[in-house]
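Take a look at the letters that make up each chain.
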Amino acid sequence: MLRAGIVGLPNVGKSTLFNAVVANAKAQAANFPFCTIEPNVGVVAVPDERLQVLAKISDSAEIIPARMEFVDIAGLVKGASKGEGLGNQFLANIREVDAIVHVVRCFENDDIIHVAGSVDPVRDIEVINLELALADLGQIEKRIDRARKQARGNKELQVEVDALEKLLPVLNEGKPARLVTLNEEEELAVKPLGLLTRKPIIYAANVSEEDLASGNAWVEQVREIAAQENAQVVVISAQVESELIDLPEEERAEFLESLGVKEGGLKSLIQATYALLGLRTYFTTGPKETRAWTIKAGMLAPQAAGVIHSDFERGFIRAETVAYKDLVAAGSMNAAKEKGLVRSEGKEYLVQEGDVMLFRFNV
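Residues numbered from 1 in each chain as written. Predicted model: local features only at pLDDT ≥ 70, side-chain atom pairs only at ≥ 80, totals over all residues. Heavy atoms only, no water.

*Asks:* So what exactly am I meant to see when it comes to the pattern of salt bridges here?
*Replies:* Oppositely charged side chains can form a pair if their charged atoms are brought close together. In the structure shown here, the tally under the stated rule is 19 salt bridges. Taking the shortest distance from any N to any O, the salt bridge between Arg123 and Asp124 comes out at 3.1 Å. Under the relative-accessibility criterion, Asp124 is labelled buried at 3%. Two residues, Glu320 and Arg360, come together in a salt bridge whose shortest N-O distance is 3.1 Å. Placement of Glu320 in strand β11 (residues 316-323) and of Arg360 in strand β13 (residues 355-361) is noted, with a sequence separation of 40 residues between them. Several salt bridges converge on common partners, so that one network encompasses Arg3, Glu69 and Glu96. (Salt bridge = Lys/Arg side-chain N within 4 Å of Asp/Glu carboxyl O. Buried < 20%, exposed > 50% of the residue type's maximum accessible area, 1.4 Å probe, protein only. Helix = DSSP H or I, 4+ residues; strand = E, 2+ residues; numbered from the N terminus.)

In structure tokens, the structure reads:
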């Protein structure tokens, strides 16, 4: 299961947001087998309205959404790359996640003291990015001399040296490694290092409920930094999300409407994180269940079948496939077949976002 780590300085709303993500995800998918694996790890459902539509068409007894993990990672302080605070734990936990959700404080509250004494998103982002870059720099400096020596007798290892030499000057400037363009071979060569600043990132601008609809000047500062990194920004209010947890569905809508928004930032955050990881969704549907399956962009039909069971990939024959929109427009699978909308796709078929599929295979 893919994992996203929620990081940030102390007192930015990180843990409040994590608790809201987990609790709200559970509330939105009551029949989803929700669990908390550890005190700081939660499995959440990826919101997708298409599931309800397909379940209605198929009269499904159960709906099973796609899943992902969110990890509430220990707070960071300046000097974490040298082990300050919980730095070592923080860095080790980040190495284990696939993407980073960086929570940035964009609200004022005298009752919640900022570790630096004032609200300054630019400074806060620089603190974390610098600590992560320093940690990566230390790793590369330890590795590069050995890699250079090994490459003298092995030309294949020169690929790693080339990649490290591209990354080194950028990290020396305190900038993230994700800004460096590497080719496919170079990417594979440095992957074992688990570079922290090479991981994809979303900035979660945490605002007060008054600023949820319009944002504020601090949010704009976050957007400027994100634009330089080609990163995404999601505006969210951990305060609002925590208040939504205990409200019935109809009261949630009324509360959000009173704030000038149609929905909270939680749904956008989960969906944006899912997309950030380069993930796609295809569906299976029938009387027993309607289910969302997660694949990586670029997967062919046999690989997508293998997500369900390895036997499906090994014995793949064909995939009966219909686009979600075509199935909905037709109103039923039988009607879609009569209109010629259901296709028989072979081993070279590139699975598309929203495909509804039925696999035929030999056991």
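From this point on, the discussion continues.
*Asks:* When you look at the packing of helix α4 (residues 121-151) against helix α7 (residues 217-229) in this model, what are you seeing that I'm missing?
*Replies:* The angle between the axes and the distance between the axes are what describe a pair of packed helices. Packing of α4 against α7 brings their axes to within 9 Å, and their N-to-C directions diverge by 40°. Here α4 is positioned oblique relative to α7, judged by the angle of their axes. When α4 is examined against α7, the residues Pro121, Val122, Ile125 and Asn129 are found in contact with a partner set consisting of Trp218, Gln221, Val222, Ile225 and Glu229. Across the contact of α4 with α7, the residue classes break down as 6 nonpolar, 2 polar and 1 charged. (Axes fitted to C-alpha atoms, helices over the stretch in contact; angles between N-to-C directions. Parallel < 35°, antiparallel > 145°, perpendicular 65-115°, else oblique. Contact = heavy atoms within 4.5 Å. Nonpolar A, V, L, I, M, F, W, Y, C, P; charged D, E, K, R; others polar.)

*Asks:* Sorry, what's going on with the side chain of Arg50 here?
*Replies:* Summarising the element assignment, Arg50 is placed in helix α2 (residues 50-58). Within the local environment of Arg50, its side chain forms a polar contact with the side chain of Asp48, the two groups lying 2.8 Å apart. Residue contacts for Arg50: discarding those within four places in its chain leaves Thr281, Phe283, Tyr324, Glu353 and Gly354. (Polar contact = N/O pair within 3.5 Å; in protein donor to acceptor, adjacent residues only side chain to side chain.)

Functional significance is not addressed by these values, which are geometric in nature.
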